[in-house]
Structure formats: structure tokens, C-alpha cells
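# Structural overview for review
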Amino acid sequence: MSSKTRYHLEQCIPEVDDFVEKGLFTKSEVSSIMKKRTDFEHCLNSRGSSIKDYVKYINYESNVDKLRQKRVRRILQSSKSHSISDWSIERRIEFIFQRGCNKFPQDLKFWAMYLRFMKNRGNKTSYKKIHNVYNQLLKLHPNNVEVWISCAKYEYEKHANFKSCRTVFQNALRFNSHVPKLWYEYVKFELNFITKLINRRKVMGLINEREQAMDMAQTKEQKESNEDDVMSGVKAPSTGDSMKDSLNQLPEADMNMLGNEETNPALRGDIALTIFDIALKSLGDNYRKKHMGYSAVTSDFAAFDKDIANETTIYLFNISKEYIQLFDQFLDLHRDYLINHVLQIWKDNDLQLTHPELYVEVVFVDVTLNVRYMSMENFDVDQLQLAVKKYFAYKPKLGPQAVKTLKSQITEFIRDSYLEKMDPENDPRYKILQLIVKKL
């Protein structure tokens with residue numbers, strides 16, 4: 001028996017003695033448990049051990065703990081007996097996870113199991129311990145976006161730690177500014193944060209700035225009292241002197257959230273829109289750099305450069321469409337304001353000349369923006385007529401094919417959104433809509 005195996009097994013002695021004293025396990029059962037642990041320890045300490053061996057050991061210890069808990073409830077008539085065996089098995093499982101992660105640091109599935117185990121323990125696992133696991137994992141895998149997002153969501157969804165969540169996203173973008181999903185999740189977080197803040201004020205009836213300031217001060221006090229055992233956020237690995245921190249342009253995270261949407265633009269989602277602007281610039285620059293590397297093998301550099309510019313435009317336009325779909329989900333925000341910001345970027349672009357087919361998509365969203373969220377319950381003919389007027393204002397500026405496409409899209413929108421949901425015989429609005437369609 002190796003010294004490592006002997007050492008790990010000796011740590012079990014107080015625990016198994018406690019099992020017997022309480023009458024939870026017989027001496028024969030304890031011997032069987034120790035024999036099984038000895039086999040696992042030999043296996044883990046051998047050169048040919050694999051991650052499956054660690055998983056089997058963890059599953060075995062989990063089953064032993066489940067059996068122990070059942071017997072505690074049946075024999076001791078209590079779920080808590082306050083002795084070493086109440087926590088020793090979970091500590092051993094945690095230690096097995098640590099050993100497995102140290103030996104197989106590239107196995108992300110095992111890391112995920114480790115984090116899931118720590119989180120599922122609830123109050124038995126401190127906030128700081130989970131932070132330590134994330135820090136260790138991110139140092140090994142700084143370019144794994146899913147890990148960064150998981151860490152940020154843990155901060156936000158589990159602990160409502162908005163400041164730390166922003167820190168995680170910003171650290172993540174220092175390493176992965178070329179990944180669209182990371183920017184998307186960052187914007188989504190900011191929109192969720194604003195939405196929850198607005199809804200909280202509605203529920204609590206916080207109208208004036210004095211009431212809001214008192215609520216913010218009380219919330220801050222509560223958070224500070226819970227942060228004694230918390231790290232100052234997940235620490236990003238060092239990027240080195242050559243790393244350009246593109247996040248210096250990002251807005252101040254600790255912005256003042258007092259006021260209302262008229263007096264404080266942040267409450268309209270302007271922080272998220274600023275991040276969106278930086279995202280487009282960063283993603284565009286990264287896309288061009290990635291593909292311009294092939295220019296050395298082409299003789300016609302000017303034509304190649306033009307092709308890259310066109311591809312970049314299409315790439316960023318498709319990303320913008322994803323953000324519009326994201327904005328659609330936030331019912332408590334002024335979605336038309338958020339979408340209009342995206343449209344304005346592309347309307348100020350030379351899209352009409354370079355990509356007329358994409359420009360038609362921009363025009364369609366712009367024309368229908370004021371009725372985009374108009375349902376049958378809040379149907380307003382005047383708003384629909386305003387959309388038609390915008391259509392006719394655009395029409396002279398578009399080519400014949402673009403007009404045909406736009407007309408088809410608006411007709412389909414009116415038909416799907418309203419006409420098919422109306423009673424042709426009894427609803428007077430049906431004929432009005434038919435006239436509007438014919439007028440296009």
C-alpha cells in the first residue's frame with residue numbers, strides 16, 4: 001500500500017468509528033466500505049487511472065451518504081446528528097473532485113460536475129469556495145466562453161451580485177472580444193438588470209428620487225453585510241503587456257440608477273446600447289483581421305479588400321438582427337427605442353448602395369416599428385396608417401425590385417398579424433385593412 005493511499009484511508013477512521021457508535025452501520029458494513037475505498041484509492045493513485053475512476057469513486061461515496069442519511073432519519077429520528085460523519089463524506093467527495101481536476105485539468109465535464117456538486121449543497125458550500133473553483137478553472141481555460149458565462153450567471157441569478165457579474169463579463173471580453181455570444185450575453189444581462197430594477201420600483205411604489213435613494217441605500221447595506229466572506233469578483237488571469245484592453249471604452253458599471261427614463265438614460269437601456277456599439281466595432285475589427293490574413297496569397301488586393309468589407313457588413317448585419325430579436329423579449333422596456341438605435345446605425349451606413357437587399361430589411365423594420373408590438377387588443381388604425389405613410393416616404397428612394405420586396409413583406413405582415421385574426425363579416429376594421437393593402 002502506497003503512503004498516499006494509507007494517508008487517505010487513515011483520515012476515514014474517526015468517521016467509521018462514529019458510524020458504529022451511532023449504530024448507523026455494523027462493523028461488517030464498515031469493513032466492506034473501507035475495503036471499497038481502499039480499492040478506489042489504489043486505482044486513483046496508479047499511473048493508469050482515468051477520469052472514470054474518479055467518477056465511480058464519487059458515485060460510490062454519494063450512495064454511502066444517501067444510505068447514511070436514511071438511517072439517521074430512521075434510527076436517530078433526526079436529519080441532523082451533529083457529529084463528524086454528518087459532513088465527512090461530502091468533504092471527501094469534494095476532495096476527490098479536487099484531485100481529479102488537478103490530474104485532468106482539461107476535462108471540462110468533470111469541472112462542470114464539480115461545480116454542480118458545490119452549488120447543489122446550498123448553504124453548506126460558501127460563496128468563496130465556489131469562487132475559488134471558478135478562478136482555478138478560468139486560469140486554465142480563459143478562452144472558454146461557456147465557463148465565463150456560467151460564472152457570470154451564477155453571480156447574477158444566484159446572488160444578485162450585479163457589480164461582480166459585470167466584472168466577470170468585462171474580464172471575459174479581455175480574452176474573447178471576438179466571440180459574439182459573449183457580447184450578446186453581456187447586453188442581455190444589462191437589459192435584465194434594468195428590467196428587474198424598474199419592476200422592483202413598480203412593485204414597491206418607489207416613485208420619487210428620495211424613495212429610490214433610501215431603497216438603494218438599504219439594498220447596499222444588505223449586500224455589504226453578506227460580502228464579508230466574498231472575493232471582490234472573479235480574478236482574470238494576466239493578459240500580459242501586449243494585451244490591449246478594449247474594455248476601457250465600456251461605460252461605468254457603478255452608474256447612478258436614480259430618477260426615471262426621462263432624467264436617466266441608463267434606465268432606457270443606454271448602457272446595453274453602448275455595449276452593443278462597442279461589440280459591433282470589436283467584432284468587425286476581429287473579423288477583418290482574421291480574414292485579411294489571406295490577402296498575402298492573392299494578387300488583386302484591392303478586390304480582396306472589397307470582398308472582406310462586404311462580408312464584414314453581412315456578418316455584422318446578421319448579428320444586429322439577433323439583437324433586435326433579443327430586444328423583442330423585454331416587454332417592460334421601450335423596445336422600439338432600443339431597436340431604433342440599431343436601425344439608425346445601418347441607416348447611417350451606405351447600405352443602400354452596397355447591400356440593397358439588406359437595406360430593404362432595415363426599411364421594413366423601420367416602417368413597421370410603431371406597429372411591431374400592436375396586438376388585436378390594442379389595435380389602432382391610425383398607427384397602421386402612419387406605418388403606410390413611412391412606406392410611401394421610402395418608396396421613391398428604392399429601386400423597383402426593392403419596392404416589390406418591401407410591399408410583399410408589409411402585406412404579409414398585415415395579413416398575418418391582423419387580417420387572419422379578424423372576422424371578415426362582422427369586423428369593420430377588416431375592410432379598412434384591405435383598402436390599406438390595396439393602397440400599397
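Just above, that's the structure.
So, here's what we can say about the structure. (Residues numbered from 1 in each chain as written. Predicted model: local features only at pLDDT ≥ 70, side-chain atom pairs only at ≥ 80, totals over all residues. Heavy atoms only, no water.)

### Some points on the pattern of salt bridges
Side chains that differ in charge, positive against negative, can pair when their charged atoms come close. Note the cut-off: Salt-bridge detection follows one rule: a side-chain nitrogen of Lys or Arg within 4 Å of a carboxyl oxygen of Asp or Glu. Strands here mean DSSP runs of E at least two residues long; helices mean DSSP runs of H or I at least four residues long; both are numbered from the N terminus. Exposure is judged per residue with a 1.4 Å probe applied to protein chains only, and the accessible area is read against the type maximum: over 50% gives exposed, under 20% gives buried, and values in between give partly exposed.
Enumeration over the complete set of coordinates arrives at 24 salt bridges. Glu94 is paired through a salt bridge with Lys129; the nearest N and O atoms lie 3.6 Å apart. Of this pair, Glu94 sits in helix α5 (residues 88-103) while Lys129 sits in helix α7 (residues 127-140), and the two are 35 residues apart along the sequence. On the accessibility criterion, Glu94 (6% relative accessible area) is buried.

### Quick notes on the packing of helix α8 (residues 145-159) against helix α9 (residues 162-176)
Stated formally: Between N-to-C directions, angles span 0 to 180 degrees; the directions come from axes that are lines fitted to C-alpha atoms, helices contributing only their stretch in contact. When an angle is under 35 degrees it counts as roughly parallel; over 145 it counts as roughly antiparallel; between 65 and 115 it counts as roughly perpendicular; any other value is oblique. Contact criterion: two residues are considered in contact whenever any of their non-hydrogen atoms come within 4.5 Å of each other. Under the convention adopted here, Pro, Cys and the residues Ala, Val, Leu, Ile, Met, Phe, Trp and Tyr are nonpolar, Asp, Glu, Lys and Arg are charged, and Gly plus all remaining residues are polar.
One way to put it is that α8 packs onto α9 with a least axis distance of 8 Å and a crossing angle of 170°. Taken together, the axis directions place α8 and α9 in an arrangement best described as roughly antiparallel. Residue-level inspection shows Val145, Trp148, Cys151, Ala152, Glu155 and Tyr156 of α8 in contact with α9, the latter providing Phe162, Ser164, Cys165, Val168, Phe169, Asn171, Ala172, Phe175 and Asn176. Taken together, the residues of the contact of α8 with α9 sort by class into 11 nonpolar, three polar and one charged.

### Points about empty space enclosed by the protein
Operational definition: Here a cavity is any set of points on a 1 Å grid over the protein atoms alone where a 1.4 Å probe fits but cannot get out, and a pocket is any open set with protein on both sides within 12 Å along at least 5 of 7 lines; a residue lines the site when it has an atom within 4 Å of a point. Grid points are joined across faces, edges and corners, and a volume is the space filled by probe spheres set on the points.
The tally for this structure, following the rule as stated, stands at one cavity of 30 Å³ or more. Roughly 60 Å³ of volume is contained in the largest cavity. What lines the largest cavity is simply Val367, Thr368, Val371, Leu384, Ala387, Val388, Tyr391, Ile410, Phe413, Ile414 and Leu440. For the lining of the largest cavity, the secondary-structure elements that each account for two or more residues are α17 (381-394) and α18 (400-417). A total of four residues in the lining of the largest cavity trace back to one element, the largest contributor, which is α17. Taken together, the residues of the lining of the largest cavity break down into 10 nonpolar, one polar and no charged.

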